Amino acid sequence: MAGRTFAEKALARAAGVPDARAGDILDVTPDLMLSHDNSAAISQIFRETGAARVVYPERIAITLDHAAPAPTTRHAQNHAEIREWVRQQGIAHLFEVGRGICHQVIAEEGLILPGETVLGADSHTTHAGWLGAFGAGVGRTEMAALWATGQLWMRVPEAIRITLSGRLARGVTAKDVALHILAAMGTTAALYRSVEFAGDGLTGLSLDERPVLPNMMAEAGAKNAYLPPDDAVFAYLEPRRTRDYTPLYPDPDAEYAADYRFDLDSLAPQVALPEQPHHVRPVTDVIGQPVHQAFIGTCTNGRLDDLRAAAQVLRGRRVCCRLIVIPASAEVMLAAAREGILDTLISAGAAIGTPGCGPCMGNHMGIPAPGEVTISTGSRNFRGRMGTPDAPVYLASPYVVAASAIRGTITDPREVLA
Amino acid sequence: MKTEHRCWVYGDNVNTDVIFPGRYTYTLREPHEIATHALEDLDPDFAPNVRPGDVIVAGANWGCGSSREQAVTALKFAGVALIIASSFARIYFRNCVNQGLLPIIIPGLNTQLRTGDTLIWDREAGTISAQGVTYPIPPLPPSVQAILDAGGLLPMLQRRFRQGRP
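Quantities reported herein were computed from a predicted structural model and do not represent experimental measurements.

Moving on, we get to the overall build of chain A. What chain A contains, in helices and strands, is 14 helices and 18 strands. A globule of 418 residues ought to have a C-alpha radius of gyration of about 22 Å, and chain A, at 20 Å, matches this closely. In terms of its C-alpha atoms, chain A occupies a principal-axis envelope of roughly 55 × 55 × 40 Å. Across the 418 residues in chain A, those meeting the buried criterion constitute 59%. Pairs at least 24 apart in sequence give 78% of the contacts found in chain A among residues at least 6 apart.

Structure below.
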């Protein structure tokens, strides 16, 4: 009998059954149900179901992050509706404007732990895989169903394995790895699948870098993604966790639908060209492309190491295009302030925003004008993503984005760091 | 019952940002208003010209990107009867089922058709016919089909809670 993948083990656990195989359909009760500014719309659907109370108020987390602080009256009304709903239902975890981006906040708060399952009304819920958790995105009606019944059907996905070996060169990050993987695998290789990372290349990645990999596997169509949790993860969680947990690891003889291997030693900084995250080139192919705006932030790349990378590039220099920096959380922002990173960034000419999603999906805090080019540390660059269809978006690491802000053209950070 | 449908044909990797832009997601909630922005950033001709019963025929990975359910709502309330694609992004597929809009996987059909062509949907036979070729509609797992048969996840939940079950 073949061994089990992480996804098979995690969904069996979440469904309370002894065993599960890819293809099984299970009724899963997640440890955490995550939503954000979309929670008012979800509460409207919930009311239409006829249910009176949410089943597990202690398992629900809501962050106000996607358009926060509210940019318009309509957005403010949306937030007000969510606060009232949380009060009425006794929902345990509401994170207010400025606390940070949902995927970052639930890790910082110890609300999702290794081996657990989080379902989120957000496609980047795959992010939670960095802790060795099963995270998958669902739609609004499904979140309403979860609130009302505590359960949702899930098909146990087939899995693919990505083995990373070696160590990244200076100025190269997990973002470059993720973009490189997307380029190599395309947008459908991971469709409906669990992407399970392995290999000694993972141990060289800092805790701040690791979430980039499962986060961006959403762009490859993954249902969830997984990194095997190690002592560094356990140490991170120790002061934060609110309950015990049992980490899950795939069996050595688990069956994978495909096996990919990537070596980190020789990887160069990568850039995704406008409109598709998998249209990726080495930065050296796009050097000199003018940019009007640089943006460092998002659930993908708004953590302390990302701001450190930007500060390393920008120390003693000035930007020559707009640079918007939005920390992924208040905790990140506070640490960056204490380390003097914000000082460095502001002195270089950066504009610092309230922790949250910022302009990533076109709501506020840095929407480009038609015709303007943005280079962003975000995960998506689809047409219209940042608010207007004719504003191309390049995606890259914080090193590349910061270096590009200095020159106003896409720049290889290794030139600046040298 | 056999019905004839006019097609809107699109390519691969059409994402939810162009089906229903993120800039509207926290301010628009009325389905018919959402529908007026359907495919706004991909095909500005779609929303003003779509007719009830029209179908989408697309390439691989239709609906990738954001989980936003309005990317299904927009098409459903614009009158789209079916979405056929070579493959679907997984959350989009679930959102279709949950809104009672049948997602059909027929690889490559989008390369055989052009916008304005028609196809025939035979519900009893479970087939789609276009350009003289008949394609079987792949069956769904019974628990998933049950959601579609109920008209979507919300009607299914309404039935459950109105019957006074937990």
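Looking now at the nonpolar core. In this structure, L11 of chain A together with I84 of chain B are the most contacted members of the largest nonpolar core, which totals 185 residues. No fewer than three residues from each of domain 1 (6-262) and domain 2 (271-417) of chain A sit in this core. The contacts of I84 of chain B, once residues within four sequence positions are left out, are V55, I56, V57, I104, I106, L109 and I128 of chain B.

Tallying the contact residues gives 33 residues for chain B and 43 residues for chain A. Element by element, the count of residues in the side of chain B that touches chain A is highest for helix α8 (residues 153-162) of chain B, at six residues. Of the residues belonging to the side of chain B that touches chain A, the class tally is twelve nonpolar, 13 polar and eight charged.

In this section: helix α6 (residues 174-185) of chain A. Along an α-helix, residues three or four positions apart point the same way, because every turn accommodates 3.6 residues. All names here are of chain A. If you check α6, its first and last C-alpha atoms are 16 Å apart, about what twelve residues at 1.5 Å a residue would give, namely 16 Å. The buried fraction of α6 is high, at nine of twelve residues. Every buried residue belonging to α6 is among A174, K175, D176, V177, A178, L179, I181, L182 and M185, and all of these are buried. Residue G186 follows α6 closely and has a positive phi angle near 75°.

Put simply, an interface is often sized by how much accessible area is lost when its parts join up. Residues and elements named next belong to chain A. Under the domain assignment used here, chain A contains domain 1 (6-262) and domain 2 (271-417). Relative to domain 2, the C-alpha centre of domain 1 lies at a distance of 24 Å. Every contact between the two is made by 34 residues of domain 1 and, on the other side, 33 residues of domain 2. Elements with a contribution of two residues or more to the side of domain 1 that touches domain 2: α4 (102-108), α6 and α7 (212-216).

Another aspect to go through is the sheet that holds strand β4 (residues 93-95) of chain A. Residue and element names in this part refer to chain A. Read across the sheet, five strands follow the order β4-β3-β2-β5-β6 without closing on themselves; strand pairing throughout is parallel. Every other strand in the sheet has two partners, leaving β4 and β6 (134-137) as the edge strands with one partner each. Pairs of neighbouring strands in the sheet enclose a mean axial angle of 15°, with direction left out of account. Where strand β5 (residues 117-120) meets β6, four bridges bridge the pair, whose relative direction is parallel. If you follow G120 over to β6, its bridge partner there is G137. Contacting β2 (32-35), β3 (60-63) and β5, helix α5 (residues 140-149) crosses the sheet at an angle of about 140° to β2.

Below, the discussion takes up α5 of chain A. All names here are of chain A. For α5, a buried count of ten out of ten residues is recorded, marking the element as mostly surrounded by other parts of the structure. Along α5, the residues classified as buried are R140, T141, E142, M143, A144, A145, L146, W147, A148 and T149. G150, located one to two residues past α5, shows a positive phi value of around 80°.

We now examine the packing of helix α2 (residues 39-49) of chain A against α5 of chain A. When two helices pack together, their arrangement is given by the angle between the helix axes and by the axis-to-axis distance. All names here are of chain A. For the pair α2 and α5, the least separation of the axes is 8 Å and the interaxial angle reads 60°. It follows that α2 is oblique to α5 by the angle criterion. Remark: the crossing between α2 and α5 carries right-handed chirality. Residues A41, I42, I45, F46 and T49 of α2 form the contact with α5, whose own contacting residues are R140, T141, M143, A144, W147 and A148. Among the residues making up the contact of α2 with α5, the classes are represented as eight nonpolar, two polar and one charged.

Once that is clear, we can look at the environment of L323 of chain A. All names here are of chain A. Mapped onto the secondary structure, L323 falls in strand β15 (residues 322-325). The class of L323 is buried, set by 26 C-beta atoms lying within 10 Å. Sequence separation of L323 and P398 is 75 residues, and the distance between their C-alpha atoms is 11 Å. The contact partners of L323, leaving out residues within four places of it in the chain, are A294, G349, A350, A351 and A405.

Let's shift gears to the sheet that holds strand β11 (residues 258-263) of chain A. Residues and elements named next belong to chain A. Strands sit in the order β10-β9-β8-β11 across an open sheet of four strands; the sheet is parallel. Of all the strands in the sheet, just β10 (224-226) and β11 have a single pairing partner and so form its edges. Strand-to-strand, the axes of this sheet are offset by a mean angle of 20°, without reference to chain direction. Strand direction decides the pairing type here: strand β9 (residues 194-198) and β10, joined by three bridges, are parallel. Paired with S194 across the strands is N224, a residue of β10.

So, how was this worked out
Here the residue numbers are simple positions, counted from 1 along each chain's written sequence. Working convention: letters from A go to chains and numbers from 1 go to ligands, in the order in which they are written. For this predicted model, a pLDDT threshold of at least 70 governs which residues receive local features, and a threshold of 80 or more governs which side-chain atom pairs are given and counted, while totals over whole chains, interfaces and linings are taken from all residues. For helices the rule is a DSSP run of H or I covering at least 4 residues; for strands it is a run of E covering at least 2, with both sets numbered from the N terminus onward. Only C-alpha atoms enter the radius of gyration, while the globule expectation follows 2.2 Å times N to the 0.38, with N the number of residues. Neighbour counting defines burial: a residue surrounded by 20 or more other C-beta atoms within 10 Å of its own C-beta is buried, one with 12 or fewer is exposed, and intermediate counts give partly exposed, using backbone-placed C-beta atoms. We call two residues in contact if the C-beta atoms placed from their backbones are at most 7 Å apart. For the purposes of this analysis, a nonpolar core is taken to be any set of buried Ala, Val, Leu, Ile, Met, Phe, Trp, Tyr and Cys residues that are connected through C-beta atoms within 7 Å. Domain limits in this description derive from either an automatic procedure or a database domain assignment. The nonpolar class holds Ala, Val, Leu, Ile, Met, Phe, Trp, Tyr, Cys and Pro. Asp, Glu, Lys and Arg form the charged class, and all remaining residues, Gly among them, are polar. An expected span of 1.5 Å times one less than the residue number is assigned to each helix. Strand pairing is defined by DSSP finding a minimum of two bridges between the two strands. Axis lines are fitted through C-alpha atoms, for helices just across the contact stretch, and the angle between N-to-C directions can take any value from 0 to 180 degrees. Angular relationships are summarised with four words: roughly parallel below 35 degrees, roughly antiparallel beyond 145, roughly perpendicular across 65 to 115, and oblique for the angles in between. Put simply, a crossing is left-handed when the front helix is turned counterclockwise from the back one by less than a right angle, and right-handed when it is turned clockwise.

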